[in-house]
Every structure is written in C-alpha cells, then in structure tokens.
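Fold and geometry: a report
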Amino acid sequence: MFNTFRRSFFPAARLGWSVESNWADPFVFFTFSLLKPIAGVLILVFMYQAVSPVGIGSPTYAYIYLGNAFYIYVGAVMAGASYSVLDDRERYRVLKYLYIAPISIPVYLFGRAAARFVTGTAAVVITVAAGIVLFQLPISISSVNWAMLIASLALGVVCLASLGIILGSWTLIIRSQPWFIGEAAAGALYLFSGAIFPITLLPPVLQPIGFVLPMTYWLELTRRALLGNGATAFPVMAAFDNRQLFTILGALTLGLSVLAFLAFGYFDRLAREKGMIDVQSDF
Amino acid sequence: MKTDTGWRLFVRTIIARSYPRVIGQQRQKTWIIFEILLPFVSTSGYVFVYRAMQAPQDYIGFAVVGGVMTAFWINVIWAMSAQMYWEKDSGNLALYIMSPTSLMAVLLGMAFGGMFASAIRAVTILILCTWLFHVPFAVSSYGSLIGIFALSMVALYGMGMLFASVFLLWGREAWQLSSMLQEPVYFLSGFYFPVRNFGLAMALVVSLIPLTLGLDAMRQITFSSGRAVRLFSVQSEILALAVLSVTLFAAAKYWLVRMERIAVNEGTLTDRRR
C-alpha cells in the first residue's frame, strides 16, 4: 500500500509541478503565478478605497483581503484536481496510460493537487505579505497563532483535495465542456463561503448553504489565526469558539474524504463502462 | 464550377466562420448555462462586497456593468486570441492557411460569431442582475450608449485579432497567457470600480485596453454619479476608442501577413507539437 502511494503521489506531484512550471523560465512562471491572484486582491482593495468611508483601518478590510487571499487555495487545489483529469485525458492524452500503470488514480490526483498547493502557497504568502507591507493589513507577525494557522491549513488542504478528487472523478464521465466543473464549483464556493463578504448578506434562503460548506469554517479559522481579536469584523461565526470551528471543519473534512473515496469508485466504474477514459471532446 | 473571389469570398468566409459560433449556441445548451452562470456568480460576489462596504447603489451598477462586459473579454481572450492556437492543436490551421481565402476574414467571422454569442450571455446577465440587485440605471442618451458600446467592441475585437496572430507564435504559453489576461485586465480596466483612483499617468497607460475607456464612457452615460468618477470626457473617450480601433485593426492585419509568411517560410507554424 505504501509502495503504491509512493509510486502514485510523488511522481504525480513532480509531474504536476513540471506541467505547471516548465512552459516558461522561472521568472516568467513566478510572475504568472502571482499576477492573477494579486490582481484579484487589488480589485477588492481598489473597490474598498473607492467607496469605504472608514478607510483601510477597518476590520472589514482585513476580513475581505484575507478571505480573498486564502481563497487562492480553492482555485489551485480543488479546481486543479479537476483540470488534471482534463489535461491528462484530452490535452496530453495520457490518462489511458496512467490507468494501465501500477498506480492509484485517486492518490495520483492528490499528488497533482499537491503540486498546485505549492504554487498556490507562493501566491498566498506574497499576497498576504503585500497586504502587510503595501496595503496596511493589520497583521503582526509576532501575534499570529502559528499552530492554529498550520492546523487549519492542513485540514483545509485535505478538505480541498478531497473536493478536488470528487470533482476530478465526476469530470471522468463528462464528455462535453468538462472544464466548467472546476470553475463553477470554485465560483459557487466563492459566493457561498463568505470569502469576501459575510454570508448574512446572502438572501436568507441561501445562507444555510454557507453553513454546510467547510470553506466557511476554514476561512474563519485562518482569519482568527492571523488577526486574533481583529477577526471580529463580521460576527457571523462569533457563536463558535475555535475548538468548535476545528471540530466542525474536521468532521466535514473526514466526511468529504470518505465521499471522495466513494465518488471515485462510482465515477471510475461508470467511466470504464461508458468508455470515457480515453474520450476526446476537442474541448 | 464557379467560385467566389475578392470581396464575395471575403464575405462568405466571414459568414462561414461565424456560423458555427452562432449555431453552436443551439447545440451546446449546457455551455450557455455555464457561461452565464460563472460571470453571474462572480458579479454577484462583487455586488455583495459593495453591499458589505455599504457603497452607494450606483457602485452596484458599476459592478454589474463590469460583470456584463466580462462576457466579451472572456470571449476575446479564449475564443479569439487563443483560437488560432486551438486551431493549430486540432489541425485546422493548416487548412485555413492553405485555403484561398483571407485569414482576416476568418478572424472577422470568429469576431462576429463570438460577439453574437457573448451578447446573448451579456444581456441575460444584465437582466438577471438588474432584476435581483435593483440597479439604478439613469441613461442620459441611448444613442450615445449604443454608439460607445459598438465602438468599444470594434476596438476590443481588433485587439483580439491582433492577439490571435501574436499568440500563435507561442506554444503552451498561449494557454497560460490567456489565463493571465483575465483578472489583471479586470483590475487594470476597472471592470468593478472607477479607474480614476489610479491617477492620470497610470490611467493613460491602462486606456490602451479598449474596455477601460469603453466602461468609463458607458458609466458616465448610464449612471447619475458616473460623471463624478469619470476618467476623461465622453467625447475624448469616443475619439480615443476610434483611434484605437483603427490602430488595432491595422496591427492585426500586419501581424496576420507576417504570420502567414512565417508559416510558408519555416513550415513549422502549423505543427501541433510545437
């Protein structure tokens, strides 16, 4: 079992890193990796500066900035796993060879997600650092709760990778325009998880969606770890202490991991039956 | 057999290349849903951010108009700029270059078809967002609004045609560059906020992207507070957009000729392994 993991995870992570990075020299790749997420944050910064009467010292500003910065992981890790299936099946046309190799496909997808986690981490770190240095984000390095940040990140990444495997498995059985799945899921989570605004602003009928999403609790924990008492801009989660947030996130992560395992089994069988492993839709 | 040449062939090529983009909308309905859903979701996100900031209602309108225009920008980037790269990948590019028609006509066909398809999505997003978020439109002149929108589209798709030739010279970078041109352009062109905050020097630079001026002019005509946050006067922006349109189309023509020459001389441009 360990051998299968070793054979699947590490080459997948290395392959993922190569696919992501070797199309350009390191400087261009580094610039590319940062431009997109930083531009996303800058849109919010300038929106805030254009209208906010209270200025960037407000906790609202930090709430929005950090939510958007950490959301980079969602696009990178979760949507990344779905794109991996698409890339391998249709763009590079190697999925059929991966299927006959002595590897575990879910672990392979997890490895591809791990590569995207690395590039995502660089973007998150630089976005947050730029926030502190250039945009007066009220974070003091000495007061960051590192243990809480690392623990929430670890849980969050496993959770996102599980969601990615579910989406990736689903992608296996979709013939036309499968690239929409990752983007649609990331977009929906962006709206409902309170990444850049409190979920209480959503219509009441949609608010429960936010409370069942693991991202909602994960983003709250990262904000609390970085901002400490400053994380009270929107008291949506004020009723939950840190332990409760970790418990809910842990339970949701465990549930999603099991679901990912089951989903892969189901979609994999369906994809084999329908002959979808080597299908090409000319996306 | 009688064959068309000259302007008849040019027009028939435009119609032929725009046909699959228009008809494709009917055959791939899930595509329409997703292409409306994604910009709608992101636009809604920005609307809720403005609500969280307790911004004036006009700013929600700014975000909606910006969100509507993303449909056109995405189309220009993925279905114009990167299109020649896709065509190379699927083996069609060599056929385009060998055919007796003009590549300019092929690109114009893509532009017209893409504009039609994007317009359907844009109008749907506009109606949905206006209905859901109560956008306070105060249009001062519908004629000017339509004129500025049309001029913005000419300049924008001229840019798309230019990029289509330039992107072809790259390989896998085309995919990455298309992806890179989304959020940074949303930011630089002020899709969701007035670019006045950039300052004059920066604003002049970002005005090279046609949508910057187009959006600013449309805001001035469409919202009561639009003039208060304007970059330049509407007349100046119309003039600049006209100049951009002519320049971008001329540049696109130049690059297409150059690309065809490279294709003939080197014989590798249509090789999908590159």
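Preceding this paragraph is the structure being described.
Description of the structure in this document. (Residues numbered from 1 in each chain as written. Chains lettered and ligands numbered in written order. Predicted model: local features only at pLDDT ≥ 70, side-chain atom pairs only at ≥ 80, totals over all residues. Heavy atoms only, no water.)

Of the regular secondary structure elements, chain A holds 11 helices and zero strands. In sequence order, the secondary structure elements of chain A are arranged as α-α-α-α-α-α-α-α-α-α-α. In terms of C-alpha radius of gyration, chain A reaches 19 Å, essentially the compact-globule figure of 19 Å for 283 residues. Taken over the C-alpha atoms alone, chain A extends approximately 60 × 40 × 35 Å along its principal axes. (Helix = DSSP H or I, 4+ residues; strand = E, 2+ residues; numbered from the N terminus. Rg over C-alpha atoms; globule rule 2.2 N^0.38 Å.)

In this section: the environment of L156 of chain B. Residue and element names in this part refer to chain B. Locating L156 in the fold gives a position in helix α7 (residues 142-168). Residue L156 is classed as buried on the basis of its relative accessible area of 0%. For the pair L156 and I209, spaced 53 residues apart in the sequence, the C-alpha separation amounts to 7.8 Å. With residues up to four places along the chain from it excluded, the contact list for L156 reads F72, W73, V76, P210 and L211. (Buried < 20%, exposed > 50% of the residue type's maximum accessible area, 1.4 Å probe, protein only. Contact = heavy atoms within 4.5 Å.)

All names here are of chain A. A cluster of nonpolar side chains, L254, V258, F261 and L262, forms an exposed patch at the surface whose accessible area comes to about 460 Å². Relative to the helices and strands, V258 is located in helix α11 (residues 242-274). Classification of V258 as partly exposed rests on a relative accessible area of 46%. (Patch = residues over 30% accessible without salt bridge, like charges linked within 9 Å, V, L, I, M, F, W, Y side chains within 5 Å. Areas by Shrake-Rupley, 256 points an atom, 1.4 Å probe, with all protein chains shown as cover. Salt bridge = Lys/Arg side-chain N within 4 Å of Asp/Glu carboxyl O.)

This part takes up helix α7 (residues 146-172) of chain A. Here α7 of chain A contains 27 residues, and its C-alpha end-to-end distance of 38 Å stays within 8% of the 39 Å for a straight helix at 1.5 Å per residue. Across the 27 residues of α7 of chain A, 19 count as buried, placing the element largely inside the fold. (Expected span 1.5 Å × (residues − 1).)

Moving on: the interface of chain A and chain B. Tallying the contact residues gives 40 residues for chain A and 35 residues for chain B. With both chains or domains summed, chain A and chain B bury close to 3700 Å², and 75% of this area falls on carbon and sulfur atoms. Here K36 of chain A and E183 of chain B are joined by a salt bridge, their closest N and O atoms 3.5 Å apart. Put simply, the parts of the chain that give the side of chain A that touches chain B at least two residues each are α1 (2-21), α2 (26-51) and α8 (180-192) of chain A. Considering each element in turn, the side of chain A that touches chain B owes the most residues, 14 residues, to α2 of chain A. Broken down by class, the residue content of the side of chain A that touches chain B amounts to 29 nonpolar, six polar and five charged. (Buried area = accessible area lost by both parts, 1.4 Å probe. Nonpolar A, V, L, I, M, F, W, Y, C, P; charged D, E, K, R; others polar.)

Within this structure, the stated rule accounts for 31 aromatic pairs over all chains. Between the aromatic rings of Y48 of chain A and Y61 of chain A, the centroid separation amounts to 5.1 Å while the plane-to-plane angle is 50°, which identifies the pairing as tilted. Note that Y48 of chain A is positioned in helix α2 and Y61 of chain A in helix α3 (residues 59-70), a separation of 13 residues in sequence. Judged by relative accessible area, which is 3%, Y48 of chain A ranks as buried. Grouped by ring-pair contacts, the aromatic residues Y50, Y59, F62, F137 and F223 of chain B constitute a single cluster. Above the ring of Y63 of chain A, the side-chain terminus of R223 of chain A is found at 3.6 Å from the ring centroid. (Phe/Tyr/Trp six-rings, centres within 6.5 Å; stacked < 30°, edge-to-face > 60°. Lys NZ or Arg CZ within 6 Å of the ring centre and 35° of its normal.)

This part covers the pattern of salt bridges. All names here are of chain A. According to the stated counting rule, one finds seven salt bridges over all chains in the structure shown. As a salt-bridge pair, R89 and E90 come within 2.9 Å of each other at their nearest N and O atoms. One exposure class covers both R89 and E90, and it is buried.

With that settled, consider the packing of α2 of chain A against helix α6 (residues 105-133) of chain A. All names here are of chain A. Where α2 meets α6, the axes come as close as 9 Å, and the angle between the chain directions of the two elements is 55°. When the axis of α2 is compared with that of α6, the two are oblique. Our pair here, α2 against α6, has a crossing hand that is right-handed. Seen from α2, the contacting residues are F29, F30, S33, L34, P37, I38 and V41; seen from α6, they are T119, A122, A123, I126 and T127. (Axes fitted to C-alpha atoms, helices over the stretch in contact; angles between N-to-C directions. Parallel < 35°, antiparallel > 145°, perpendicular 65-115°, else oblique. Left-handed = near helix turned anticlockwise from the far one by under 90°.)

This brings us to the side chain of T119 of chain A. Residues and elements named next belong to chain A. By the element assignment, T119 lies in helix α6. Take T119: its relative accessible area is 14%, and that puts it in the buried class. Among the polar contacts listed, one links the side chain of T119 to the backbone oxygen of R116, at a separation of 2.9 Å. Residues in contact with T119, not counting those within four places in the same chain, are W17 and F29. (Polar contact = N/O pair within 3.5 Å; in protein donor to acceptor, adjacent residues only side chain to side chain.)

The terminal C-alpha atoms of helix α6 (residues 103-133) of chain B lie 43 Å apart, and with 31 residues this matches the ideal 45 Å at 1.5 Å per residue to within 8%. Sitting at the amino-terminal end of α6 of chain B is S102 of chain B, which places a side-chain oxygen 3.0 Å from the backbone nitrogen of M104 of chain B.

None of this, on its own, says anything about what the molecule does.
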